[in-house]
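Descriptive analysis of the structure
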Amino acid sequence: MQNIEAFREAISRPQQIVITTHIKPDADALGSSLALASYLIAKGHQVTVISPTNYPAFLNWMQGHEDVLIFNEGGEAESAELVANADMIFCLDFSSLNRIQDLGVLVQKATALKVLIDHHLDPEDFADFTLWDTKAAATAELVYELIRMLKDLDQITPDIAECLYAGIMTDTGSFKHSSTSSRVHRIVAGLIDRGANVSMVSKLIYDNNNLNRLKLTGFALAERLTVIKDVNVAFFTLSKEDLNKFNYQTGDTEGLVNYALSIKGIAMAAIIIEREDQVKLSFRSFGDVPVNDLAKEYFNGGGHKNAAGGASKESFEATVSKFKKMVLDHQDRFVDKINA
Ligand code: 5GP
Ligand code: MN
């Protein structure tokens, strides 16, 4: 953050604060928001975390999760009031206001000081203070850095440490992605020193399946995975009907796309899911295959070089066809990338 002194000054008195994050928050989005909230509450601020939508049940152990206001589940009026009256609004783990849908319109209009903390590409220019680093593996890493800049590392409680650890662990794919820097390991060492129980967090996030979710995974692997071998691409397609068959709950398909990327020789993987109001796409790649460019060009999306997403308002079938055409039109991007 460039103007840290001005930020320090702004936050030195008790403030009405709103923290918000992207739709369908993952462990980094929710973990960094709740960690920041706990830290700011302990400093004497009034803080509310507003999520545009609900989040996976495997995150409902994080300290403060029960106080999260869910915008699209009856939280519209209260959110509008909190956002309009806030002194400061923190936007975590997203870089453009359209990622928080209708809540973004309220944030845009608000008179509060806005603080963007994020690690995605191409941030929109709407914030008064920006802590933005695309090299950061997770927004949780940046929240840790913010607390360090404010010379408050000793204020990190075990609960805060576990929320931050969850964000870093999941956004690095359990310390496997190329974003896993030495700084990540140093920060995680700091979190463990502050009381994070890493085996418990891992168990809560990864070993918290219900049987339906496992069966949906099995079904998707057996029946809904297509490999386009010649171009090193593999992708899942899941229709609304498929999801209903397994009593789909938010988060049940999280991580599924990684199975497609784990196939030997695959350079790009995707999952195409028919949701209630749109078709959602997630992309993953290995090495020098920038899927954020494809997500942006074809599906109004974005993200990181190796992990991106987008959406389509066309039918499920039309979206799958568009995806296949995209793959064939860009096949030179995926071949010969594995051994590069
Ligand atoms: P996931 O596939 O896990 O939903 O998302 C992977 C990455 O792509 C995340 O960093 C996420 O922020 C980004 N992403 C996913 N969906 C969208 C989208 O619709 N628009 C944009 N701009 N980014 C997205
Ligand atoms: Mn993140």
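Description of the structure in this document. (Residues numbered from 1 in each chain as written. Chains lettered and ligands numbered in written order. Predicted model: local features only at pLDDT ≥ 70, side-chain atom pairs only at ≥ 80, totals over all residues. Heavy atoms only, no water.)

1. So, the pattern of salt bridges
Here is the rule we go by: Any Lys or Arg side-chain nitrogen located within 4 Å of an Asp or Glu carboxyl oxygen qualifies as a salt bridge. The helix count covers DSSP runs of H or I at least four residues long, the strand count covers runs of E at least two residues long, and both are numbered beginning at the N terminus. Partly exposed describes any residue whose relative accessible area lies between the buried limit of under 20% and the exposed limit of over 50%, with all areas from a 1.4 Å probe on protein chains only and scaled to the type maximum.
With the rule as written, the count across this model stands at 12 salt bridges. Aspartate 242 is the partner of arginine 224 in a salt bridge, and the nearest nitrogen-oxygen pair spans 2.8 Å. Of this pair, arginine 224 sits in the loop between helix H9 (211-223) and strand S7 (225-228) while aspartate 242 is found in helix H10 (residues 240-245), placing the two residues 18 residues apart along the sequence. In this structure arginine 224 comes out as partly exposed when scored by relative accessible area, which is 27%. Across the pair lysine 322 and glutamate 314 runs a salt bridge whose closest N-O atoms are separated by 3.8 Å. Put simply, Asp133, Glu141, Glu145, Arg148 and Arg183 are held in one network by salt bridges that share partners.

2. Things to note about the environment of aspartate 230
One can find aspartate 230 in the loop between S7 and strand S8 (233-238). A sequence separation of 104 residues divides aspartate 230 from phenylalanine 334, and the C-alpha atoms of the two residues are 9.5 Å apart.

3. Digging into H9
For the record, the criterion: Helix span is expected to be 1.5 Å times the residue number reduced by one. For this quantity, the arc is that covered by the directions from the helix axis to the C-beta atoms. What makes two residues a contact is simply this: any of their non-hydrogen atoms within 4.5 Å.
Between its first and last C-alpha atoms H9 spans 18 Å; for 13 residues at 1.5 Å apiece the expected length is 18 Å, and the two agree. For H9, the set of buried residues is Arg213, Leu216, Thr217, Phe219 and Ala220. For H9, the arc enclosing every buried residue in end-on projection is 165 degrees, short of the 170-degree limit, so these residues lie on one face. Among the exposed residues of H9, those pointing more than 90 degrees away from its buried face are Leu211, Ala222 and Glu223. In this structure, the buried residues of H9 make contact with S7, S8, H10 and helix H11 (257-261).

4. Details of the layout of surface pockets
Note the following rule: A 1.4 Å probe that fits but cannot get out identifies a cavity on a 1 Å grid over protein atoms alone, an open set with protein on both sides within 12 Å along at least five of seven lines counts as a pocket, and a residue lines either if it has an atom within 4 Å of a point. Grid points are joined across faces, edges and corners, and a volume is the space filled by probe spheres set on the points. Each residue gets one of three labels, nonpolar for Ala, Val, Leu, Ile, Met, Phe, Trp, Tyr, Cys and Pro, charged for Asp, Glu, Lys and Arg, and polar for the others, Gly among them. Boundaries between domains were set according to an automatic or database domain assignment.
Size it by volume and the second largest pocket reaches roughly 150 Å³. Along its surface, the second largest pocket is lined by Asn54, Tyr55, Ala57, Phe58, Asn208, Asn209, Asn210, Arg213, Gln249, Thr250, Gly251 and Asp252. A breakdown of the residues in the lining of the second largest pocket according to their chemical character gives 3 nonpolar, 7 polar and 2 charged. When residues of the lining of the second largest pocket are sorted by domain, at least three fall in each of domain 1 (4-206) and domain 2 (211-333).

5. Digging into the nonpolar core
Operational definition: As used here, the term nonpolar core means buried Ala, Val, Leu, Ile, Met, Phe, Trp, Tyr and Cys residues forming a set that is joined through side-chain atoms within 4.5 Å.
The biggest cluster of nonpolar side chains holds 56 residues, and the ones touching the most others in it are Phe7, Ile19, Leu36, Leu40, Phe90, Ile117 and Leu191. In contact with isoleucine 117, not counting residues within four places along its chain, are Leu36, Phe90, Cys91, Leu92, Asp93, Leu131, Thr139, Leu142, Val143 and Leu146.

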